[in-house]
Amino acid sequence: MLKKLPVGVDGFKKIITEDFYYVDKTMFIEELLQNWGEVNLFTRPRRFGKTLIMDMLKNFFEIGSDRNLFDGLKISQKKSYAKCIWDSIR
Ligand SMILES: Nc1ncnc2c1ncn2[C@@H]1O[C@H](COP(=O)(O)OP(=O)(O)OP(=O)(O)O)[C@@H](O)[C@H]1O
Ligand SMILES: [Mg+2]
């Protein structure tokens, strides 16, 4: 079955749970953790996925959000990050 295109959908949870196409940008989490900064500025042109990536980060770091959303995504293969962060903020 073809996946749906997430035109206008900027909720990470909805994209994953309702089986829309998702271009995996979860390795951005690793990049953020390695290049740590007190403030991070994201600049991208219009419609380049800024809102969606922020929502993905929220779902990753927020206490109580569903870890299963990240099953099958790249960051889940990085057990050291996913596990150590989730254990420490649980
Ligand atoms: N990683 C992704 N995989 C699949 N679709 C994506 C991805 N990132 C963004 N999109 C889709 O592209 C569209 C624009 O995404 P988003 O609203 O996050 O961009 P934006 O940079 O915040 O746009 P704007 O500048 O208008 O605020 C949405 O329909 C969204 O579902
Ligand atoms: Mg936006």
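Sequence order as written defines residue numbering, which begins from 1 separately in each chain. Here every chain gets a letter starting at A, and every ligand a number starting at 1, in the order they are written. Local features in this predicted model are restricted to residues whose pLDDT is 70 or higher, and side-chain atom pairs enter the listing and the counts only when it is 80 or higher, whereas totals over whole chains, interfaces and linings include all residues. Side-chain numbers here rest on the full set of heavy atoms in the structure, without hydrogens or water.

Engineer: Any chance you could break down the UniProt feature "domain: AAA-ATPase-like" (unreviewed entry) in the protein chain for me, citing the residues and the numbers?
Structural biologist: UniProt positions are given in the numbering used here, feature names are shortened, and annotations may be inferred rather than shown by experiment. On the UniProt side, "domain: AAA-ATPase-like" (unreviewed entry) is annotated at positions that read residues 6–81 here. End C-alpha atoms of residues 6–81 are separated by 28 Å, and the span's content is 43% helix alongside 0% strand. Secondary structure elements are taken from DSSP: a helix is a run of H or I of four residues or more, a strand is a run of E of two residues or more, and numbering for both begins at the N terminus.

Engineer: Could you give an account of the site of ligand 1, naming the residues involved and the relevant values?
Structural biologist: Think of it this way: one heavy atom of a residue within 4 Å of a molecule or strand is enough to make that residue near it. Around ligand 1 lies a shell of 17 residues, among which P6, G8, V9, R46 and T51 are the nearest. For this analysis, a polar contact is any N or O atom pair within 3.5 Å, provided that within protein one partner can donate a hydrogen and the other can accept it, and provided that sequence-adjacent residues contribute only side-chain to side-chain pairs. V23 is positioned with one of its backbone polar atoms (N or O) 2.8 Å from a nitrogen atom of ligand 1. Backbone polar atom of G49 to an oxygen atom of ligand 1: 2.9 Å apart, as the coordinates give it. Residue-level accessible areas treat just the shown protein chains as cover; the underlying method is Shrake-Rupley with a 1.4 Å probe. In isolation ligand 1 exposes 640 Å². Once the protein is present, 84% of that is buried. Cavity means a closed set of points on a 1 Å grid over the protein atoms alone, one where a 1.4 Å probe fits but cannot get out, pocket means an open set with protein on both sides within 12 Å along at least 5 of 7 lines, and lining means a residue has an atom within 4 Å of a point. Being in a pocket or cavity means that more than half of the molecule's atoms lie within 2 Å of its grid points. The cavity where ligand 1 resides is the largest pocket. It is helix α3 (residues 50–61) that contributes the most residues to the shell around ligand 1, three residues altogether.

Engineer: Got a sec to walk through the pattern of salt bridges? Specific residues and values, please.
Structural biologist: Salt bridges, as used here, are contacts in which a Lys or Arg side-chain nitrogen is within 4 Å of a carboxyl oxygen on Asp or Glu. Per the counting criterion, the structure on display carries four salt bridges. Across the pair E18 and K14 runs a salt bridge whose closest N-O atoms are separated by 3.5 Å. Categorising residues by exposure relies on relative accessible area from a 1.4 Å probe, with only protein chains included: less than 20% of the type maximum marks a residue as buried, more than 50% marks it as exposed, and the intermediate range marks it as partly exposed. With a relative accessible area of 35%, E18 lands in the partly exposed category. By relative accessible area, K14 is classed as partly exposed at 40%. Notably, a salt bridge pairs K58 with E62, separated by 3.7 Å at the nearest N-O pair. Overall, the relative accessible area of 45% leaves K58 in the partly exposed class.

Engineer: Any chance you could break down α3 for me, citing the residues and the numbers?
Structural biologist: A helix is expected to reach a length of 1.5 Å times the quantity of its residues less one. With 12 residues, α3 ought to run about 16 Å at 1.5 Å a step, and its terminal C-alpha atoms sit 17 Å apart, in line with that. Those residues of α3 lying buried are L52, I53, D55, M56, L57, N59 and F60.

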